[in-house]
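Listed below are the residues making up each chain.
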Amino acid sequence: MSASRAGRTDNADSTNSADSTDNADNADSTDSTAAPVHHLSHRRDLAVRAAVRQGLVDERQPVAGLLDVAALRERAAALRAAFDDVSAPGTTALHAFAVKAASLVPVLRLLRDAGLGAEVASPGELALARAAGVPPERIVLDSPAKTTEELREALRLGVAVNADNPQELARLDALVPEFDQQPPIGLRVNPQLGAGSINAMSTATATSKFGVPLRDAGAREEVRRAFLARPWLSRLHVHSGSQGVPPELMAEGVAAGHELAEEVNAAAGRRQVTGIDIGGGLPVDFTTDEPADDFAAYAALLRRRVPGLFDGRYALVTEFGRALAAKAGTVLARVEYTKSAGGRAIAVTHAGAQTAVRTVFAPDAWPLRVLTYDAAGGVKTTSGARGVVQDVAGPCCFAGDLVATGRELPELAPGDLVALPDTGAYYFSTPFGYNSLPRPGVYGFTVDRSGEVRFATVRRAQTLAEIVAEAGGAHDDALTALR
Ligand SMILES: *Cc1c(COP(=O)(O)O)cnc(C)c1O
C-alpha cells in the first residue's frame, strides 16, 4: 500500500513536464468561451481535469488538496504592494505569514521567496518555518502558552517574540540577561473592541484569552509600567481581526496599539517602542472567485485611520494567513455513492470533517461553495435546467459530517467529483484525524498559457503504515504488558 502510494506520488512529480496527452486535452478545453487562464476559476477547472487524468484523485486516493501556485504568488505580491511602498526609506514591513493557515513547508518556502516571513505559534510551526529556510530574523513567535524552553530557544535563535501576559514578561526578565543581544520582544494587547460575527474567531472581545486586556481597570497603567521597567521591550502587538471581523474594527485595534505606543514612548522620553505588529485577520469572501483588492483597501483604511503607522518611526509587522492562502486552495473529492433519505438527495463523498473541520462543525459560520465535475473532471452543469437539492456528505461516521446541506447542484452520480474552493487556509493543511482517515495528499499546480497543468507534490497522502504508527503501533503490547 505504502509503496503504491509513494509510486503515485512520484508519478505526480514526474508527469510534470511529460504529459503530452494532457497538454492536448487541456488545449481543447481552452476554447474561446472559457475564462482566460489568468482567471482563478479557469485554472482550477483545468487543474481538476488534469488531476483526474494524472491519477491524483482516484479510488485509492479519493480526496486531495490542490494549491494554485500563481494565486499564492499573486496574493503575496498584492500584500507587499499594499504596504511596502508606503514605508519610509530603509524600512519595509515584515509580512510574517501565519503558519497555522497553511502549515506546509513548500508553501512557506514559496512565500519566503515571495518576500514573506513566518508567524509561528508552536515548536512545530517554528520547525516548519526553519525547514522552509525562513531566516530567524523573519520569524515571529506568538503563542499564548509558550514554555520557558520555547522562549529561551526563540531568544537563542533570534526569533522575535510577542509576550502574551505579565507572567510571560516575568519569565523573559529571567531569560533576557542570558543573551548578549535580543531579537525584538513585544507585548500583545487586546483592545477589547467587541466581537465579529463568529464568536470563536473573535480575538478582541472583553474576555478574549489573548494579550493584556487594555480596558480592564488598571491594565493600561500596568502596560506602561511594564515597558518602562524593561528597556528591551520594544514592540506592541495587536491581532484583533479574523474571519467575521470587519476591517474597520480591525483598524480600530491597530489605532489603539499605535496610540499606546505613542503613550509609552512619551512616558519613556525616548523611542522605546520601535515596532508595531498589526497581526492578521483580514476576512475572505467565500462566495466568489472574483479577485479582491482587500490588502490595498485595508492598507488605505489604515493610512486614513492611523497615519502615524506609516510615518517611518515604527517598523511594521503583519501576520496575515487566511487572506493570503484561502483562495489558492481547493479540496477535490470523489462522490462514492448517491442516495435519498426522507426525500432528501444525499451525495456521499470523501470530503468531510477530516479536511473541512470548521465547515462541518460550524456550518453557518463557515459555508463553502461546492463545485461539481463529472468523472473525467469536466465541469458538470445543469445546462440551464434546475439542479437537485442535495446534501453533500463526507466519509466520517457521524451524522453531522456534511459539507453542505440542501444545496441545489447538478445531480451527482457515483464517480463524479466535488470541489470545495477557497480551502487553501485552515482546511486540507489542517486535517482532523477522525476515523483514522489519512491526511490527504496536497499538490501544487501551475497552468501555462496553452492550458497545460503541471503538478508538484507538496505533501503526499498519509499511508496506512503511518496511520498505524501514529496510533501507537510501535507500542502494541504496552497495555497488556502493564500489570
Ligand atoms: C491566527 C493568527 C493570525 C492569522 O490570522 P488570519 O485570520 O489567518 O489572517 C495572525 N496572528 C496571530 C497572532 C494569530 O493567532
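Residues numbered from 1 in each chain as written. Predicted model: local features only at pLDDT ≥ 70, side-chain atom pairs only at ≥ 80, totals over all residues. Heavy atoms only, no water.

## Some remarks on the environment of F295
At step 1: Here F295 shows up in helix α11 (residues 294-305).
At step 2: We classify F295 as buried; its relative accessible area is 1%.
At step 3: Along the sequence, F295 and F320 sit 25 residues apart, while their C-alpha atoms lie 9.8 Å from each other.
At step 4: With residues near it in sequence (within four places) discarded, F295 still touches R75, A78, L79, A82, F83, L282, F320, A323 and L324. (Helix = DSSP H or I, 4+ residues; strand = E, 2+ residues; numbered from the N terminus. Buried < 20%, exposed > 50% of the residue type's maximum accessible area, 1.4 Å probe, protein only. Contact = heavy atoms within 4.5 Å.)

## What to know about the domain arrangement of the protein
At step 1: You can read the domains of the protein as domain 1 (3-68 + 326-461) and domain 2 (71-325).
At step 2: If you average the C-alpha positions of domain 1 and of domain 2, the two centres end up 34 Å apart.
At step 3: Contacts between the two partners involve 26 residues from domain 1, matched on the other side by 23 residues from domain 2.
At step 4: Summing both sides of the interface, domain 1 and domain 2 together bury roughly 2100 Å²; the carbon and sulfur share of this comes to 58%.
At step 5: Per-residue buried area on domain 1 facing domain 2 is highest for K327, W366 and Y426; these three make up 28% of the total on that side.
At step 6: Where domain 1 touches domain 2, the interface holds three salt bridges.
At step 7: Taking the shortest distance from any N to any O, the salt bridge between D289 and R369 comes out at 2.9 Å.
At step 8: One can count 13 residue pairs in polar contact (both at pLDDT 80 or more) joining domain 1 with domain 2.
At step 9: With four residues, the top contributor of residues to the side of domain 1 that touches domain 2 is helix α3 (residues 40-53).
At step 10: Tallied by class, residues from the side of domain 1 that touches domain 2 come to twelve nonpolar, six polar and eight charged. (Domains from an automatic or database assignment. Buried area = accessible area lost by both parts, 1.4 Å probe. Salt bridge = Lys/Arg side-chain N within 4 Å of Asp/Glu carboxyl O. Polar contact = N/O pair within 3.5 Å; in protein donor to acceptor, adjacent residues only side chain to side chain. Nonpolar A, V, L, I, M, F, W, Y, C, P; charged D, E, K, R; others polar.)

## Looking at the pairing of strand β3 (residues 117-120)
At step 1: What you see with β3 is no split at all: G117 and E119 on one side and A118 and V120 on the other are buried throughout.
At step 2: In this sheet, strand β4 (residues 139-141) lies alongside β3 in parallel orientation, the contact comprising three bridges. In the sheet register, E119 faces β4, and the bridge partner there is V140.
At step 3: Running through helix α6 (residues 123-131), the crossover from β3 to the neighbouring parallel element β4 is right-handed. (Pairing = 2+ DSSP bridges. Right-handed = clockwise from strand over helix to strand, strands pointing away.)

## Some remarks on the UniProt feature "domain: Orn/DAP/Arg decarboxylase 2 N-terminal" (unreviewed entry) in the protein
At step 1: The UniProt entry lists residues 92-326 under the feature "domain: Orn/DAP/Arg decarboxylase 2 N-terminal" (unreviewed entry), expressed in the numbering used here.
At step 2: Helix makes up 37% of residues 92-326 and strand 15%, whereas the separation of the span's terminal C-alpha atoms amounts to 25 Å. (UniProt positions renumbered as here; feature names shortened; annotations may be inferred.)

## Section: the site of the ligand
At step 1: The full set close to the ligand counts 15 residues, and K100, G281, E319, R322 and Y426 are the nearest of them.
At step 2: Within the side chain of E319, one N or O atom sits 2.7 Å away from a nitrogen atom of the ligand.
At step 3: In this structure, an oxygen atom belonging to the ligand sits 2.7 Å away from a main-chain N or O atom of R322.
At step 4: Protein contact buries 92% of the 390 Å² of open area that the ligand shows by itself.
At step 5: Among the residues making up the shell around the ligand, the classes are represented as three nonpolar, six polar and six charged. (Near = heavy atom within 4 Å. Areas by Shrake-Rupley, 256 points an atom, 1.4 Å probe, with all protein chains shown as cover.)

## Some remarks on the pattern of salt bridges
At step 1: Counting across every chain of the model gives 29 salt bridges.
At step 2: Between R220 and E259 there is a salt bridge, with the nearest N and O atoms lying 3.9 Å from each other. Pair noted here: R220 is in helix α9 (residues 219-228) and E259 is in helix α10 (residues 247-268), with a separation of 39 residues, a long-range link.
At step 3: Among the charged side chains, a salt-bridge network with shared partners connects R220, E221, R224, R225, E259 and E263.

## Side note on the side chain of S234
At step 1: Among the structural elements, S234 can be located in strand β8 (residues 233-237).
At step 2: Judged by its relative accessible area of 14%, S234 is buried.
At step 3: Excluding residues within four positions of it along the chain, S234 makes contact with P184, I185, F227, Q272, V273, T274 and G275.

## Here we look at helix α4 (residues 69-84)
At step 1: For α4, spanning 16 residues, the distance from its first C-alpha to its last is 22 Å, which sits close to the expected 22 Å at 1.5 Å a residue.
At step 2: Looking only at α4, the buried set comprises V69, A71, L72, R75, A76, L79, A82, F83 and D84.
At step 3: The N-cap of α4, judged by a side-chain oxygen 3.1 Å from the amide nitrogen of A70 a few residues on, is D68. (Expected span 1.5 Å × (residues − 1).)

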